[in-house]
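For reference, the chains in residue letters:
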Amino acid sequence: MATVRVRFAPSPTGQLHIGGARTALFNWLFARQNAGKMILRIDDTDKERSEDAYLKQIIDSLTWLGLDYDEGPDKGGEYGPYIQSQRLEIYRKEALRLVDEGKAFFCFCSREKLEKEKEKAISEGKTPKYPGFCRELSREEQEDLRKQDNNPVLRLKTPSDGVTLVNDLIRGEVSFDNNSIDDFIIMKSDFTPTYNFASVVDDFYMKITHIIRAEEHLSNTPRQILIGKSLGFPLPSFAHVPMILAPDRSKLSKRHGATSVEEFKEQGYLPQALINYLGLLGWSPGNNREIISLEEMVKLFDLNKVQKNAAVYDVQKLTWLNSVYMKQLEIQQLTELAFPFFQKYNEIDLSKRDTIPYLHKVVQALRERAKTLDEMGRTATYFFSDDFKFDDKGKKKHFLKQGSQDILKDLLSSITDLKEFNKETIVKAINDLKEKKNISISKVNPLFRLAITGTTGGPDLLEIAEIIGKQKTVSRIRNAIDYINDMQQY
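About the cut-offs
Residues numbered from 1 in each chain as written. Predicted model: local features only at pLDDT ≥ 70, side-chain atom pairs only at ≥ 80, totals over all residues. Heavy atoms only, no water. Pairing = 2+ DSSP bridges. Helix = DSSP H or I, 4+ residues; strand = E, 2+ residues; numbered from the N terminus. Axes fitted to C-alpha atoms, helices over the stretch in contact; angles between N-to-C directions. Disulfide = S-S within 2.5 Å. Contact = heavy atoms within 4.5 Å. Phe/Tyr/Trp six-rings, centres within 6.5 Å; stacked < 30°, edge-to-face > 60°. Buried < 20%, exposed > 50% of the residue type's maximum accessible area, 1.4 Å probe, protein only.

Peer 1: Quick question: what am I supposed to make of the pairing of strand β6 (residues 172-177) here?
Peer 2: Sheet faces and side chains relate simply in a regular strand, where the side chains alternate between the two faces. Where strand β5 (residues 163-168) meets β6, six bridges bridge the pair, whose relative direction is antiparallel. Bridge assignment links Val 166 to a residue of β6, and that residue is Val 174.

Peer 1: Would you explain the sheet that holds strand β7 (residues 185-187) in this entry?
Peer 2: Paired through their backbone hydrogen bonds, the strands of a sheet run either parallel or antiparallel. Taken in spatial order, the three strands of this open sheet run β3-β4-β7, and their pairing is antiparallel. Edge strands, defined here as strands with exactly one partner in the open sheet, are β3 (104-107) and β7. Each neighbouring strand pair of the sheet contributes to a mean axis angle of 45°, computed without reference to strand direction. Sheet topology places β3 next to strand β4 (residues 153-156); four bridges connect them, and they run antiparallel. Bridge assignment links Phe 106 to a residue of β4, and that residue is Leu 154.

Peer 1: Any chance you could explain the state of the cysteines here in plain terms?
Peer 2: A covalent bond between the sulfur atoms of two cysteines is referred to as a disulfide. Using the criterion set out here, one finds zero disulfides in the structure. The thiol sulfur of Cys 109 is not disulfide-bonded, and the nearest other cysteine sulfur, from Cys 134, lies at 3.7 Å.

Peer 1: I'm lost on the side chain of Lys 395 in this one. Help?
Peer 2: By the element assignment, Lys 395 lies in helix α16 (residues 392-399). When sequence neighbours within four positions are dropped, the list of residues in contact with Lys 395 reads Phe 390, Leu 400, Leu 450, Tyr 483 and Met 487.

Peer 1: Would you mind going over the packing of aromatic side chains with me for this structure?
Peer 2: Aromatic ring pairs are defined here through the distance separating the ring centres and the angle between the ring planes. Per the counting criterion, the structure on display carries 14 aromatic pairs. Seen in terms of ring centroids, Phe 390 and Phe 399 are 5.1 Å apart; in terms of plane orientation they differ by 70°. Their pairing is edge-to-face. Each member of the pair, Phe 390 together with Phe 399, is buried. Exposure remark for Phe 399: the relative accessible area of 1% places this residue in the buried category.

Peer 1: Before we go on, may I ask you to explain the environment of Lys 317 in this structure?
Peer 2: Mapped onto the elements of the fold, Lys 317 is located in helix α11 (residues 315-328). Take Lys 317: its relative accessible area is 26%, and that puts it in the partly exposed class. Along the backbone, Lys 317 and Glu 290 are 27 residues apart, and their C-alpha atoms lie at a distance of 9.7 Å. If we skip the residues at most four places from it in the chain, Lys 317 touches Tyr 277, Leu 280 and Glu 290.

What follows is the structure in structure tokens.
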């Protein structure tokens, strides 16, 4: 049997979309499962929209996700080049071969002429199709016209009857009527290939055995089969994975939040969480299992069990998965990953010897509640600065209550006298205060938290106090007392 070879062929016209990343993942899994090869091929024939910066982002995103393809623009390989704009001579050679064999023809029809025919067909209630004006021109007639018109397009001669069958590994047999497919363009007027033609030629030259791609490409498949048959190429196997829809089952777009791998990375999601989530979009390992590593996916993935129905994008599930993976990381590794996000929101002095140990403590305190690295960095402000604002709802609920200032004064007095400052001594001081003043802890702790963090929620209160230390804790309680005093005066 031939070695399994699959390809992921994105266009460098934007960042890597999660739909594309899911397609890349399924290709990678199938290749690794079958001891095959995955190829990264770049479809950059759209000159106006293609950018080198997007090509770099695609490669960086695949690398970040851990999808280590075997051949590609940055890796080389036996069947390169792997960028379509560098393969134009191959497409031109194969296209002219089709002309020589009478399977393709030059079309000299103007846009205006074809547009009139289209309008006529629509007015008659017919499906617009290429009328075949240039199909039966002899080679001599085509050559004479080419001397007058240097910019004809090249069309494939397609059958007008019968059907083209797509044997899809996921969807089964799908039939397309040939009379619905006209003599479509395979080379544009500048003699660059159309998407369908370039894909078929490249798949043959790169010895691709299986084409695993998004459902929206299913409609391209009969055209690609007709091209392949005209060229005399063996057909690869096809598998079209389900679309990814928004929660409201509309087409996924920017209005639904982050949609690219780069955006999720910037928002503090871990690659292993995103890979886990993408793997579950249209496929399941069974037994209602939701946590699965990339290595485990290789063992369990089954292309035949990929569902036909559209998968629904659920960022809440992704966020939950991310929180699970964050909890599984070692503190040192999680700190390293979170550090850029701490820097994003906080001023951190790395020149101090105790900065890294301090960060480890902060991460340990935040990891149980934070769902993303960005959230961890954003909610850590009070660990690094005394200059924070008090939560508006918290102020109304706790600072404006009668006796709040007195409770904080009593708390300050109890804490100030502590020689050792840790969770055990702090809780003892609060319990002693409770007994002496007959104050409920439910009244003390919310005021205590608001005073030293500016918030009403977060990690363990005593852990926060221990981490920031006695000096800052005392200073912040005093500041809160002064703040309440100012509030009462107004």
